[in-house]
Amino acid sequence: MFTGIVEEMGIVRGIVRGRYSAALDIQARTVLEGTKTGDSIAVNGICLTVTSLPAGGFTADVMHETLDRSALLGLRRGMHVNLERAMPAAGRYGGHIVAGHADGVGTITRIRRDDTAVWYTVRAEPAILRYIVEKGSVTIDGISLTVAQTDTVSFSVSVIPHTLRVTVLGERRVGDSVNLETDIIAKYLEKLVHPAAGYTQKAQQSTVTAEYLSRHGF
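Residues numbered from 1 in each chain as written. Predicted model: local features only at pLDDT ≥ 70, side-chain atom pairs only at ≥ 80, totals over all residues. Heavy atoms only, no water.

For the protein chain, an unreviewed UniProt entry supplies the name Riboflavin synthase and the organism Clostridium symbiosum. In its Subunit (unreviewed entry) section, the UniProt entry covering the protein chain states "Homotrimer." Within the UniProt record for the protein chain, the comment given under Catalytic activity (unreviewed entry) is "2 6,7-dimethyl-8-(1-D-ribityl)lumazine + H(+) = 5-amino-6-(D-ribitylamino)uracil + riboflavin". (UniProt positions renumbered as here; feature names shortened; annotations may be inferred.)

1. Quick word on the nonpolar core
Within the largest apolar cluster, 21 residues are counted, with the highest numbers of intra-cluster contacts made by Ile140 and Phe155. Elements with a minimum of two residues in this core: strand S8 (117-123), helix H2 (126-129), strand S9 (137-140), strand S10 (143-150), strand S11 (154-159) and strand S12 (177-182). Discounting residues that sit within four places of it in the chain, isoleucine 140 has contacts with Val122, Leu145, Phe155, Val157, Leu169, Val178, Asn179 and Leu180. Among the nonpolar cores identified, the runner-up in size contains 20 residues, and Leu24, Ala28, Leu75 and Leu83 belong to it. (Core = buried A, V, L, I, M, F, W, Y, C linked by side-chain atoms within 4.5 Å. Buried < 20%, exposed > 50% of the residue type's maximum accessible area, 1.4 Å probe, protein only. Helix = DSSP H or I, 4+ residues; strand = E, 2+ residues; numbered from the N terminus. Contact = heavy atoms within 4.5 Å.)

2. Thoughts on the UniProt feature "domain: Lumazine-binding" (unreviewed entry) in the protein chain
The feature "domain: Lumazine-binding" (unreviewed entry), as given by UniProt, occupies residues 1-96 and 97-193 in the numbering adopted here. Annotated as 6% helix and 41% strand, the span residues 1-96 places its first and last C-alpha atoms 10 Å apart. Counting secondary structure, residues 97-193 comes out at 21% helix and 43% strand; the distance between its end C-alpha atoms is 21 Å.

3. Quick notes on the side chain of threonine 121
Structurally, the position occupied by threonine 121 is in strand S8. Within the structure, threonine 121 has its side chain in polar contact with the side chain of serine 156 (distance 2.9 Å). Ignoring anything within four residues of it in the chain, the contact list for threonine 121 reads Thr107, Ile108, Thr109, Arg110, Ser154, Phe155 and Ser156. (Polar contact = N/O pair within 3.5 Å; in protein donor to acceptor, adjacent residues only side chain to side chain.)

4. Quick word on the sheet that holds S8
Strand order in the closed barrel formed by six strands is S7-S8-S11-S10-S9-S12, with antiparallel pairing between adjacent strands. Strand-to-strand twist in this sheet, taken as the mean axis angle between neighbours without regard to direction, amounts to 45°. (Pairing = 2+ DSSP bridges. Axes fitted to C-alpha atoms, helices over the stretch in contact; angles between N-to-C directions.)

5. So, the sheet that holds strand S5 (residues 57-62)
Strand order around the closed barrel formed by six strands is S1-S2-S5-S4-S3-S6, with antiparallel pairing between neighbours. Going from strand to strand, the sheet's axes swing by 45° on average, the running direction of each strand aside.

6. Concerning the domain arrangement of the protein chain
In many analyses, interface size is given as the accessible surface area lost on bringing the parts together. Assigned domains within the protein chain: domain 1 (6-83) and domain 2 (102-191). Taken together, the contacts link 12 residues of domain 1 with 17 residues of domain 2. Counting each side, the surface lost to burial between domain 1 and domain 2 is near 1100 Å², with a carbon and sulfur contribution of 48%. Applying the counting criterion to the domain 1 and domain 2 interface returns zero salt bridges. Counting across the interface, domain 1 meets domain 2 through five residue pairs in polar contact (both at pLDDT 80 or more). Of all the elements, strand S6 (residues 80-85) adds the most residues to the side of domain 1 that touches domain 2, at three residues. Considered class by class, the residues forming the side of domain 1 that touches domain 2 number six nonpolar, five polar and one charged. (Domains from an automatic or database assignment. Buried area = accessible area lost by both parts, 1.4 Å probe. Salt bridge = Lys/Arg side-chain N within 4 Å of Asp/Glu carboxyl O. Nonpolar A, V, L, I, M, F, W, Y, C, P; charged D, E, K, R; others polar.)

7. A short note on unusual backbone geometry
Across residues other than glycine, the phi torsion is negative in most instances, and most of the peptide bonds are trans. Phi angles above zero are rare outside glycine, and aspartate 115 is one such case at about 60°. Residue position: aspartate 115 is located in the loop between strand S7 (104-114) and S8. Not every positive phi belongs to a glycine, and aspartate 141 is a case in point at roughly 50°. We classify aspartate 141 as buried; its relative accessible area is 1%.

8. Comments concerning the pattern of salt bridges
Within the structure shown, the criterion is met by seven salt bridges. The partner of arginine 85 in a salt bridge is glutamate 7, with the nearest N and O atoms 2.6 Å apart. Highlighted residues: arginine 85 in strand S6 and glutamate 7 in the segment before strand S1 (8-17), separated in sequence by 78 residues. Two residues, aspartate 141 and arginine 172, come together in a salt bridge whose shortest N-O distance is 2.8 Å. With aspartate 141 in the loop between S9 and S10 and arginine 172 in the loop between helix H3 (161-166) and S12, this pair connects stretches of sequence that are 31 residues apart. For the pair formed by aspartate 141 and arginine 172, the shared burial category is buried.

Next comes the structure, spelled out in structure tokens:
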């Protein structure tokens, strides 16, 4: 579990591509502190398992499913990536609950400056936009951000200068692809209220309804 607060920007120093997968070698410093093989590190918001710890960095495998559903496919040697270690039990939720499992990829369609802040508009599929609400949380390339505006095809976030300095978002341009993860709580609530067809009879007969959730403060 992560919080969407990027700890540092790493550098891709090597990629070995297989037929359906890839192995990354990433230069880092901060996220190596206390890290051991088998630990989780979010790379541009994608939870990856550390497979080895060569000097000054770490390696991680990226499976077929992850490449298909994320923007990691576009990584190249020398590119910067956002890095965050899994949150310790005694840590603080500086952002929001982030699983590190991308829901899909969005495309930056507009960037505009508003005094000191910079607005990014991101086009996304309807399956992602349904979980994005104004003043809610969204993760873009592993960065926890607050949604400022939404419409039928996209959403916008307003980003402070500090975030632009310490994350790869400051390097993004119109047309770039970004990893998106929506608020996990919304997805679980939807599943409880509207069980998917084909689920067990017990699940279909759940007493958890929209009225029930409203009555109990949700």
